[in-house]
Amino acid sequence: MIERPDELNEDRLVNESANEDERNFEVGLRPQNLDEFVGQPEIKQNLDIFLAAAKKRGEPMEHILLYGNPGLGKTTLAHVIANETGSKIKVTSGPALEKLGDLAAILSNMKEGDILFIDEIHRMNKSIEEVLYPAMEDFALDLVVGKGPTARTLRLNLDRFTIIGATTRISLLSSPLRDRFGVTYRLNFYEDNDISKIINRSAGLLDVTINDPASAELAKRSRSTPRIANRLLKRVRDFAEVKFDGKIDEGVTKEALNLLDIDEHGLDTVDRRILATIIDKFSGGPVGLGTLAAATQEEIATLEEVYEPFLMQLGFLNRTPRGRMATREAYKHLDRKPPQGGFDL
């Protein structure tokens, strides 16, 4: 079985994807309305108007597409929208919709104004996607009854509902499917002050005492991602309860995160090993992706879609036509001497 990038390294502390325990943990910390939802100010402002307009007309919302990196709050935002509109939300995922009967059973039970949240919508089967088109556009389900010459099409009318789709890879969605969403929002990485607010809110819900310098230190190492921030908060809480009096201050936070090998930029051991391999074994690059994967003993897909995006976001890694290259900032971060000839990027 071929592993997907978002399934790889699920036990990695700074991995943006969530396992089942992580999802259960997030439910308890999930904000219930837009006022509690921290960050994404432009999306919140637009959604506020969008939701108010739908309420004023007494109509269900148009279909919504949310996209962005894992852990930024797409699922949370879908539940917030449901709470704001007083709608019932049903949750599924693209891979779970394997047969037409699966989709028909869900849609036929949708009531007026209900929301269907489809996570990983880019992984939906093509045949299921084509059946979804009339459901989204005309609120009707076209079913083929019988086989061969006796086959006929049966149209089942549906109540008006809203689909909220979430994806980390919008480029994999077909144009016909994307065009059927009335609004599309891209969730961006969070500012450190917003991450600090999320940490403080989560700490309150977990009945954990944390001061502002500690939450700021956690935010700095959370890769601008709420899911990682909450994960690190859990680990630091465990450390504080076992080694100290349970209260989290800056010193406790730094000691715990250093023990976990999470540095001041949020890089872990694997991130630093990738950069060190490029610098030490390949003179800073360029080095081909396949060669780098072999040297670091990581899957190509894992390097390309799990590790590299954040290293590039920090300015530590460049992708060039000739291969991957470490930047001046990467040399500085790893305390390596830059090449004498400069950087040929």
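Residues numbered from 1 in each chain as written. Predicted model: local features only at pLDDT ≥ 70, side-chain atom pairs only at ≥ 80, totals over all residues. Heavy atoms only, no water.

1. Notes on the overall build of the chain
Summing up its helical and strand segments, the chain has 14 helices and nine strands in all. Oriented by its inertia axes, the alpha-carbon framework of the chain measures out at about 75 × 50 × 35 Å. The contacts in the chain between residues at least 6 apart in sequence include a share of 68% that link residues at least 24 apart. Here the chain carries 46 positive and 56 negative side-chain charges, and the mean point of each set is 2 Å from the other. (Helix = DSSP H or I, 4+ residues; strand = E, 2+ residues; numbered from the N terminus. Contact = heavy atoms within 4.5 Å. Lys, Arg positive; Asp, Glu negative; His and termini not counted. Charge placed at Lys NZ, Arg CZ, Asp CG, Glu CD.)

2. Thoughts on the packing of helix H2 (residues 41–57) against helix H3 (residues 74–85)
For the pair H2 and H3, interaxial distance at closest approach is 11 Å and the crossing angle is 35°. Once H2 is placed against H3, the crossing between them reads as right-handed. For the pair H2 and H3, contact is made by Ile43, Leu47, Leu51 and Lys55 and by Leu77, Ile81, Glu84 and Thr85, respectively. Along the lines of polarity and charge, the residues of the contact of H2 with H3 split into five nonpolar, one polar and two charged. (Axes fitted to C-alpha atoms, helices over the stretch in contact; angles between N-to-C directions. Left-handed = near helix turned anticlockwise from the far one by under 90°. Nonpolar A, V, L, I, M, F, W, Y, C, P; charged D, E, K, R; others polar.)

3. Details of the packing of aromatic side chains
Evaluation of the coordinates by the stated rule reveals two aromatic pairs. When the centroid spacing of 5.5 Å and the interplanar angle of 85° are considered together, the rings of phenylalanine 139 and phenylalanine 161 count as edge-to-face. A residue pair is termed long-range when its members are at least 10 positions apart, and phenylalanine 139 in the loop between helix H5 (126–137) and strand E4 (140–145) and phenylalanine 161 in the loop between strand E5 (152–157) and strand E6 (162–167) qualify at 22 residues. For phenylalanine 139, a relative accessible area of 11% translates into the label buried. Between phenylalanine 239 and phenylalanine 244 the ring centres are 5.9 Å apart and the planes differ by 50°, which places this aromatic pair in the tilted class. For phenylalanine 239, a relative accessible area of 11% translates into the label buried. Judged by relative accessible area, which is 40%, phenylalanine 244 ranks as partly exposed. The residue whose ring lies beneath arginine 180 is tyrosine 133, and the NZ or CZ to ring-centre distance is 4.3 Å. (Phe/Tyr/Trp six-rings, centres within 6.5 Å; stacked < 30°, edge-to-face > 60°. Buried < 20%, exposed > 50% of the residue type's maximum accessible area, 1.4 Å probe, protein only. Lys NZ or Arg CZ within 6 Å of the ring centre and 35° of its normal.)

4. Quick word on the confidence of the model for the chain
Looking at the chain, the pLDDT average stands at 88 and 90% of residues meet or exceed 70. This stretch, residues 1–8, has a pLDDT under 50; its non-local contacts, to residues over four places away or in other chains, come to 10 contacts. (pLDDT = per-residue confidence, 0-100.)

5. Description of the sheet that holds strand E3 (residues 115–119)
Taken in spatial order, the five strands make up an open sheet running E2-E3-E6-E1-E7, and their pairing is parallel. Each edge of the open sheet carries a strand with a single partner, namely strand E2 (89–93) and strand E7 (183–186). Between one strand axis and the next, the sheet turns by 15° as a mean value, whatever way the strands run. Direction of pairing for E3 relative to E6: parallel, over a ladder of four bridges. Within E6, the position partnered with phenylalanine 117 by the bridge is isoleucine 164. Each of strand E1 (64–67), E2, E3 and E6 touches H3; the most contacted strand, E3, lies at about 180° to it. (Pairing = 2+ DSSP bridges.)

6. Structural notes on unusual backbone geometry
Across the chain, the bulk of peptide bonds are trans and the bulk of non-glycine residues have phi less than zero. The omega angle of the peptide bond from glycine 285 to proline 286 is 5°, so this bond is cis rather than trans. At serine 224, a position not held by glycine, the phi torsion is positive, near 60°. Note on placement: serine 224 falls in the loop between helix H8 (212–220) and helix H9 (226–243). Even without glycine at this site, serine 283 takes up a positive phi of about 55°. Using a relative accessible area of 58% as the deciding quantity, one classes serine 283 as exposed.

7. So, H2
Given a rise of 1.5 Å per residue, 17 residues ought to cover 24 Å, and the 25 Å separating the end C-alpha atoms of H2 matches this to within 8%. Within the sequence span of H2, burial applies to Ile43, Leu47, Phe50, Leu51 and Ala54. Within H2, the buried residues cover an arc of 100° as seen down the axis, which keeps them to one side. Opposite the buried face of H2, at more than 90 degrees from it, the exposed residues are Pro41, Glu42, Gln45, Ile49 and Lys56. Just past H2, the residue glycine 58 takes up positive phi, approximately 70°. (Expected span 1.5 Å × (residues − 1). Arc of directions from axis to C-beta.)

8. What about helix H4 (residues 100–108)?
Among all positions in H4, only Leu103, Ala104 and Leu107 are buried. For H4, the angular spread of buried residues about the axis comes to 100°, placing them on one side. Summarising the contacts, the buried residues of H4 are in contact with E3, H5 and E4.

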